[in-house]
Amino acid sequence: MITAQAIAAIDWLFETSVAEHCRDGELPPCQITVRHDVPPPAEARDRHLVALNISSYQFRIAALFDFATDRESVAYLSRLSRCGEQALAGQALLDAYAEFVNMICGAVNRGLHGAFLHTGMSTPNVLDNSCLRYLAILRPAHLSLLEVVVSETVRFSLTLCICLAPQATLDFALERTTLAETSSGELELF
Amino acid sequence: MSLSNLFFLAAGLLLGLAFGAFRVARLKKTGQKKLAEQAATIAELAERQPPDAVANALAEVHGEAEMLRHELTRQAVTHQDALVTSAGQAASEHAENVARLHDAHAAQFAELRRTLGQEIALLNRDVEALLGIVNTIERWHDEMQIILANNSEQKKQNHEFASINKKVVMLALNASIEAARAGEVGRGFGVVADGVRDLAMTSNQLAVDFKQNLDRNDLVTTATFQDIQASGNMIRTAVFGLRQTADKINSALTGAGSAG
């Protein structure tokens, strides 16, 4: 079982981290809408699903970022990555998405240390967007969907799939302070 | 002088005489009482010791008191000496006990240090071995990459298979049309073409189902591996914490040993 305050704490961590890492110095702050237990976005072509996992002893959070690959989105990511727009294609584009996800989840992982002594984070992996249709196979205890609107043309979504160990209860609260600054560009590699 | 006056004069003299006699009797009684008291006092004083005898007795008492005071002073000095001697013995025994206990504790501490040192060495060995989980996770990572690559290859093959199926459907459709044009002669060929198209459409549905299964495989494989990888990171962090604690204990033991 997962309590309402635990869901609120996890949502807040991701919401804060996404808002923090979406600042590119040009656009106004992004708008984030949080929805619960809703079906994931419909399958669409030309999108990348980047998955990353945060684990503790009693629970894990599979974070699935659904990014577009259109010109505006790539330009936005280029500004965030501080590299030329032309450079972001193919594997470089995938790496940039992976680093963006890694930084967001890294801040969340550190934020979880306020409530849990030990947590760990995986490296990001890129999947087909169609995999989102089969989240039920992970038997989630709770699903949160964060719809992030960066601008009129740039938006992405984040599905949080919270899974619990059998018979486990997840109940915690966090002090709502600013998340620790992340060290820019640092990938948590194994 | 008349008779009445004489009578009154005689009566007055009688009253005066009576009053005087009463006063004389009263004075006599008081005097006798005082004489009796004086006689009793003289008798009591006669029974007492004379002043010289009292002075002699007092001198004896003073002498005895002085002797007692000397005796008490002598005994006090003796007791004081005995106390000083006892205190010295007690202090000496205490110092010996402290030294003995110190030696015993030092021996126990040395043994404890030796045992803890051995245990910490074992703990460090286990910690270093546990950190080898990094290699295990890397092995799993490589294997997962193989699984994902295999899934990706199967998706490509399945996509190609679906593409072929679509072409077969189109070919079968064209064959059916040509068979219809041929009339009665082409009837048998038309049946075969319809059969081929049905088979191709069934194959196409299988390809769709197979792609869905591959998507499920990708998701569950990736999620499971990521959980293992993240848990491995969590364990590694916890083991680093243990190693730091072991190092601190080791430093404390070393410092305590050098201080002792």
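Residues numbered from 1 in each chain as written. Chains lettered and ligands numbered in written order. Predicted model: local features only at pLDDT ≥ 70, side-chain atom pairs only at ≥ 80, totals over all residues. Heavy atoms only, no water.

### Focus: the overall build of chain B
The cut-off we apply is this: Put simply, DSSP marks the helices as runs of H or I at least four residues long and the strands as runs of E at least two long, and each gets a number from the N terminus on. C-alpha atoms define the radius of gyration in this analysis, and the globule rule sets the expected value at 2.2 Å times the number of residues to the power 0.38. Three exposure classes are used, based on accessible area relative to the maximum for each residue type with a 1.4 Å probe and protein chains only: buried under 20%, partly exposed in between, and exposed over 50%. Any two residues having at least one pair of non-hydrogen atoms within 4.5 Å are treated as being in contact. To measure how exposed things are, a 1.4 Å probe is used in the Shrake-Rupley method; for residues, cover is taken only from the protein chains shown. Counted as positive: Lys and Arg. Counted as negative: Asp and Glu. His and the chain ends are not counted at all. Think of each charge as sitting on NZ of Lys, CZ of Arg, CG of Asp or CD of Glu.
Along chain B, the regular secondary structure elements total four helices and zero strands. Going from N to C terminus, chain B has its helices and strands arranged as α-α-α-α. Relative to the globule expectation of 18 Å for 260 residues, the C-alpha radius of gyration of chain B, 70 Å, shows a markedly less compact shape. In terms of overall dimensions, chain B has a C-alpha envelope of 220 × 80 × 20 Å along the principal axes. In chain B, which comprises 260 residues, the proportion classed as buried is 17%. Counting only contacts in chain B whose residues sit at least 6 apart along the sequence, the fraction spanning at least 24 positions is 88%. Surface accessibility of chain B: about 19300 Å² in total, with carbon and sulfur atoms responsible for 64%. Each charge sign in chain B was given a centre, from 26 positive and 30 negative side chains, and these centres are 12 Å apart.

### Details of the packing of aromatic side chains
All names here are of chain A. For clarity, the threshold we go by: Only Phe, Tyr and Trp rings are paired, with Trp represented by its six-membered ring, and only when their centres lie within 6.5 Å; those with planes under 30 degrees apart are stacked, over 60 edge-to-face, the remainder tilted.
A complete count under the given rule lists eight aromatic pairs over all chains for this structure. Seen from their ring centres, Phe59 and Phe116 are 5.0 Å apart, and the 55 degrees between their planes marks the pair as tilted. Of this pair, Phe59 sits in strand β3 (residues 59-68) while Phe116 sits in the loop between α3 (91-112) and β4 (120-121), and the two are 57 residues apart along the sequence. The two residues Phe59 and Phe116 agree in class, both being buried. Connected via pairs of aromatic rings, a cluster forms that spans Phe65, Phe67, Tyr97, Phe100 and Phe156.

### Points about the packing of helix α1 (residues 4-21) of chain A against α3 of chain A
Helix packing geometry: the angle between the two helix axes and the distance between the axes. Residues and elements named next belong to chain A. Defined as follows: To get an axis, a line is fitted to the C-alpha atoms, and for a helix only the part in contact is used. The angle between two axes follows their N-to-C directions and goes from 0 to 180 degrees. Oblique is the label for any angle not under 35 degrees, not over 145, and not in the 65 to 115 range, which are roughly parallel, roughly antiparallel and roughly perpendicular in turn. Two helices that cross are described as forming a left-handed crossing if the nearer one is turned anticlockwise from the farther one by less than a right angle, and a right-handed crossing if clockwise. Polar here means any residue outside two lists: the nonpolar Ala, Val, Leu, Ile, Met, Phe, Trp, Tyr, Cys and Pro, and the charged Asp, Glu, Lys and Arg; Gly therefore counts as polar.
At a minimum axis distance of 9 Å, the contact between α1 and α3 shows a crossing angle of 135 degrees. Here α1 lies oblique to α3, going by the angle between them. Regarding α1 and α3, the two cross each other, and that crossing is right-handed. Note on element contacts: α3 touches α1 through Phe100, Met103, Ile104, Cys105, Ala107, Val108, Gly111 and Leu112, opposite Leu13, Phe14, Ser17, Val18 and His21. Grouping the constituent residues of the contact of α1 with α3 by class yields ten nonpolar, three polar and no charged.

### Things to note about a nonpolar patch on the surface
This is how the line gets drawn: Only residues whose relative accessible area exceeds 30% and that form no salt bridge are eligible for patches; like-charged ones are grouped when within 9 Å, while nonpolar side chains (Val, Leu, Ile, Met, Phe, Trp, Tyr) are grouped when within 5 Å. Throughout this description, the term salt bridge denotes a Lys or Arg side-chain nitrogen within 4 Å of a carboxyl oxygen of Asp or Glu.
A contiguous nonpolar surface patch, about 430 Å² in accessible area, is contributed by Leu3, Leu6, Leu9 and Leu13 of chain B. Examined against the element boundaries, Leu6 of chain B turns out to sit in helix α1 (residues 3-47).

### Remarks on the environment of Gly190 of chain B
Residues and elements named next belong to chain B. With respect to the helices and strands, the residue Gly190 is situated in helix α4 (residues 187-259). Gly190 gets classed as buried once you look at its relative accessible area, which sits at 11%. The spacing of Gly190 and Ala172 is 18 residues in sequence and 8.8 Å in space, taken between C-alpha atoms. Apart from residues lying up to four places away in sequence, Gly190 is in contact with Ser176 and Ala179.

### Here's the deal with the pairing of strand β6 (residues 142-149) of chain A
All names here are of chain A. Heads up, the rule is: Any two strands with at least two DSSP bridges between them are considered paired.
In terms of burial, β6 is a largely internal element, six of the eight residues being buried. Pairing analysis gives six bridges linking strand β1 (residues 31-36) to β6, with the strands arranged antiparallel. Counterpart to His36 in the pairing with β6 is Ser144. By the bridge criterion, eight bridges tie β6 to strand β7 (residues 155-164) in an arrangement that is antiparallel. The partner of Leu145 across the bridge, within β7, is Thr159.

### Things to note about the confidence of the model for chain A
Here is the rule: Here pLDDT means the predictor's own confidence in every residue, given as a number from 0 to 100.
In this model, chain A carries a mean pLDDT of 86, and residues with pLDDT of at least 70 account for 87%. The low-confidence segment residues 182-190 of chain A, where pLDDT is below 50, has 22 contacts with residues more than four positions distant or belonging to other chains.

### What to know about the interface of chain A and chain B
Put simply, the test is: Polar contacts, as used here, are pairs of N or O atoms within 3.5 Å; protein pairs need one atom able to donate a hydrogen and one able to accept it. Residues neighboring in sequence count only if both atoms are side-chain atoms.
Across the boundary between the two partners, chain A contributes 27 residues, which contact 25 residues of chain B. Applying the counting rule to chain A against chain B returns two salt bridges. Across the pair Lys155 of chain B and Asp128 of chain A runs a salt bridge whose closest N-O atoms are separated by 2.9 Å. Scanning the region where chain A abuts chain B turns up twelve residue pairs in polar contact (both at pLDDT 80 or more).

### Some words on unusual backbone geometry
Residues and elements named next belong to chain A. The residue Arg139 is not glycine, and still its phi comes out positive at about 50 degrees. Within the secondary structure, Arg139 is located in the loop between β5 (125-127) and β6. The exposure class of Arg139 is exposed, given its relative accessible area of 73%.

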